[in-house]
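For reference, the chains in residue letters:
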Amino acid sequence: MGGANLFIFIKTSGIENITFSFNAEREIVVLKAYTRVSVSSFIIGCILLLNESYFHPYITRNLSFIFKRLVWQLGVAFIITVPIAVVFTISERIDQGYSLWYSVQNTSNFLTSGVFISYFIYYYILSSVISFLRRLRNTFGQNVFYNYLIGKYSSPLEEHRVFMFIDLNDSTALAENLGHTKYSRLLNKCFDDIIMSLKRFDYDIYQFVGDEIVFTWLTNKDKSGQSIAMFEAIKNQLQNFKEMNIKLFGVQPRFKAAVSCGPVTGTLVGHKSKNIAYHGDVLNTASRLLGLCKSFKEDILVTDFYLSKLKEPLNFETTHLVTLKLKGKSNATEVYRIKTLMGQGS
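For the structure given in this document, a descriptive report is provided here. (Residues numbered from 1 in each chain as written. Predicted model: local features only at pLDDT ≥ 70, side-chain atom pairs only at ≥ 80, totals over all residues. Heavy atoms only, no water.)

**Remarks on the overall build of the chain**
The condition that has to hold: Going along the chain from the N terminus, every DSSP run of H or I of four or more residues is numbered as a helix, and every run of E of two or more is numbered as a strand. Residue contacts follow a heavy-atom distance rule, with two residues in contact if any of their heavy atoms lie within 4.5 Å. All accessible areas in this document rest on Shrake-Rupley with a 1.4 Å probe, and a residue is counted as covered only by the protein chains that are shown.
Counting its regular elements, the chain contains twelve helices and ten strands. Long-range pairs, those at least 24 residues apart, make up 69% of the contacts in the chain between residues at least 6 apart in sequence. For the chain, the accessible area works out to roughly 19200 Å², and carbon and sulfur atoms hold 58% of it.

This is the structure:
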């Protein structure tokens, strides 16, 4: 709404006796223009949000990236035009007392006017920018851009963070059987499905490394075992797309996960291309846990450090699996398997 009203302000600022291009005898009432733009932009914003979150991902789930963007562009053009046309027609009927047919004619004339075309281009570009930022936010997490903007990690900063590594099972065999191109398409689809399943969680993506994703969030934001709920959401999402994955790739991908927490130092690294890097033992620990998942045939393993930060009651149970000793560390790490997911199955 703010962006749309800014457009009206720019268009009308300092101009007297503004008239419609299709009717030079009729002046534009600026207050009514603001009202129409506010109502239509609110409707457009709501529909765009629903489209981005639900309709577009569902409609285009089987399409290539190029066709997905084409459908998005056509959809946005439709979403911008129709609410404006409807609001303008209704306003003509109510404000001016015109007949429905005459109101529709005025709307048709307005949609071919320079004012609407410039507004359409402005709103389309604004929607594209917002969509791009939302996609990056959903992909990399809610705090990444904010941290970049405020320069949070311009100097090394110590934090206590949870790290969750998820990794594709049998990746080497899958790559050999599918070939690198088809395997890459499988990974891209899996990663898209995984990110889509985690919209309700507050996390950042630290890295995409081959067939692995590293999630992270501050420890004090996780008191109930967010990693367990996230992994369940991922498993459910992949199960929902089981038939499609088998049809497209001949396999049902499965992932394993490792979770730990501890102190890390975060800092910006790189010269031309800046990235946030975290340094700490917790990363080595979580990485080692992925290897244990394969050895013990477990879907997800967590450390005692992580469990000690959670508050009772939890919706899952754990059993001790093994004691892990890392080279260079005097203290051992106790590793636990998730025994029961209450109300969700094991």
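**Remarks on the nonpolar core**
Rules: To qualify as a nonpolar core, a set must consist of buried Ala, Val, Leu, Ile, Met, Phe, Trp, Tyr and Cys residues joined through side-chain atoms within 4.5 Å. Exposure is judged per residue with a 1.4 Å probe applied to protein chains only, and the accessible area is read against the type maximum: over 50% gives exposed, under 20% gives buried, and values in between give partly exposed.
Ranked by internal contacts, the top residues of the largest apolar core, which has 40 residues, are Met-164, Ile-166, Ile-194, Leu-198, Tyr-203 and Phe-215. Taken together, the elements giving at least two residues each to this core come down to β3 (157–168), α7 (171–178), α8 (180–197), β5 (212–218), α9 (226–240), β6 (255–269), β8 (300–303) and α12 (304–308). For this core, the element with the most residues is α8, which contributes seven residues. If near-sequence neighbours (up to four positions away) are discounted, Ile-194 is found in contact with Ile-166, Ile-213, Phe-215, Ile-234 and Phe-255. Residues Ala-277, Tyr-278, Leu-289 and Val-335 belong to the second largest nonpolar core, which totals 22 residues.

**Notes on the packing of helix α3 (residues 65–96) against helix α4 (residues 100–111)**
Note the cut-off: Axes here refer to lines fitted to C-alpha atoms; in helices the fit is confined to the stretch in contact. Angles between the N-to-C directions go from 0 to 180 degrees. An angle below 35 degrees is read as roughly parallel, one above 145 as roughly antiparallel, one from 65 to 115 as roughly perpendicular, and any other as oblique. Helix crossings are classified by the rotation of the near helix relative to the far one: an anticlockwise turn of less than a right angle makes the crossing left-handed, while a clockwise turn makes it right-handed. Side-chain classes follow a simple rule in which Ala, Val, Leu, Ile, Met, Phe, Trp, Tyr, Cys and Pro form the nonpolar group, Asp, Glu, Lys and Arg form the charged group, and the remainder, Gly included, forms the polar group.
Where α3 contacts α4, the two axes come as close as 9 Å, and the packing angle between them is 135°. It follows from the interaxial angle that α3 and α4 lie oblique. In this structure, the crossing between α3 and α4 has a hand that is right-handed. Facing Thr-81, Ile-84, Ala-85, Phe-88, Thr-89, Glu-92 and Arg-93 of α3, the residues of α4 in contact are Leu-100, Ser-103, Val-104, Asn-106, Thr-107, Phe-110 and Leu-111. Here the contact of α3 with α4 is built from residues that sort into seven nonpolar, five polar and two charged.

**Comments concerning the packing of aromatic side chains**
Definition in use: When the centres of two rings from Phe, Tyr and Trp lie within 6.5 Å, Trp using its six-membered ring, the rings pair. Their planes under 30 degrees apart give stacked, over 60 give edge-to-face, and anything left gives tilted. In this analysis the charged atom, NZ for Lys or CZ for Arg, is taken to sit over a ring once it is within 6 Å of the ring centre and within 35 degrees of the ring normal.
For the structure shown, the criterion picks out ten aromatic pairs. Measuring from centroid to centroid gives 5.6 Å for Phe-163 and Tyr-278, while their planes differ by 75°, and the two rings are edge-to-face. Here Tyr-278 lies in strand β7 (residues 275–279) and Phe-163 lies in strand β3, a separation of 115 residues in the sequence. Across the pair, Tyr-278 and Phe-163 agree in class, each one buried. Over the aromatic face of Trp-72 sits the side chain of Arg-69, whose NZ or CZ is 4.9 Å from the ring centroid.

**A short note on α8**
Think of an α-helix as 3.6 residues a turn; residues three or four steps apart then line up on the same face. What counts is decided by this rule: One fewer than the residue count of a helix, multiplied by 1.5 Å, yields its expected span.
For α8, built from 18 residues, the straight-helix expectation of 26 Å at 1.5 Å per residue is met to within 8% by its first-to-last C-alpha distance of 26 Å. All of the buried residues along α8 are Tyr-183, Leu-186, Leu-187, Lys-189, Cys-190, Phe-191, Asp-193, Ile-194, Ile-195 and Ser-197.

**Considerations on α9**
Counted at 1.5 Å a residue, the expected span for α9 with its 15 residues is 21 Å, and the 21 Å between its end C-alpha atoms agrees. If you check which residues of α9 are buried, you get Gln-226, Ser-227, Ile-228, Met-230, Phe-231, Glu-232, Ala-233, Ile-234, Gln-237 and Leu-238.

**Regarding the layout of surface pockets**
As a reminder, the rule being used: Method remark: on a 1 Å grid restricted to protein atoms, a set of points is classed as a cavity if a 1.4 Å probe fits but cannot get out and as a pocket if it is open with protein on both sides within 12 Å along at least five of seven lines; lining residues have an atom within 4 Å of a point. Grid points are joined across faces, edges and corners, and a volume is the space filled by probe spheres set on the points.
Its volume calculated, the largest pocket comes out at about 1400 Å³. Lining of the largest pocket is provided by 35 residues; of these, Lys-68, Arg-135, Asp-192, Asp-193 and Met-196 occupy positions nearest its centre. Contributions of two or more residues to the lining of the largest pocket are made by α2 (30–59), α3, α5 (114–140), α8 and α10 (242–249). The element that contributes the greatest number of residues to the lining of the largest pocket is α8, accounting for nine residues.

**A short note on the pattern of salt bridges**
For side chains bearing opposite charge, pairing can occur when the charged atoms are close. Here is the rule we go by: We define a salt bridge as a side-chain nitrogen of Lys or Arg found within 4 Å of a carboxyl oxygen belonging to Asp or Glu.
Per the counting criterion, the structure on display carries eight salt bridges. Residue Asp-202 is joined to Lys-221 by a salt bridge in which the shortest nitrogen-to-oxygen separation is 3.7 Å. Residue Asp-202 is located in the loop between α8 and β4 (204–209), and its partner Lys-221 is located in the loop between β5 and α9; the two are separated by 19 residues in the primary sequence. Judged by relative accessible area, which is 27%, Asp-202 ranks as partly exposed. Residue classification places Lys-221 among the partly exposed residues on the basis of a relative accessible area of 45%. A single network of salt bridges, built from pairs that share partners, joins Glu-232, Lys-235, Arg-254 and Asp-299.

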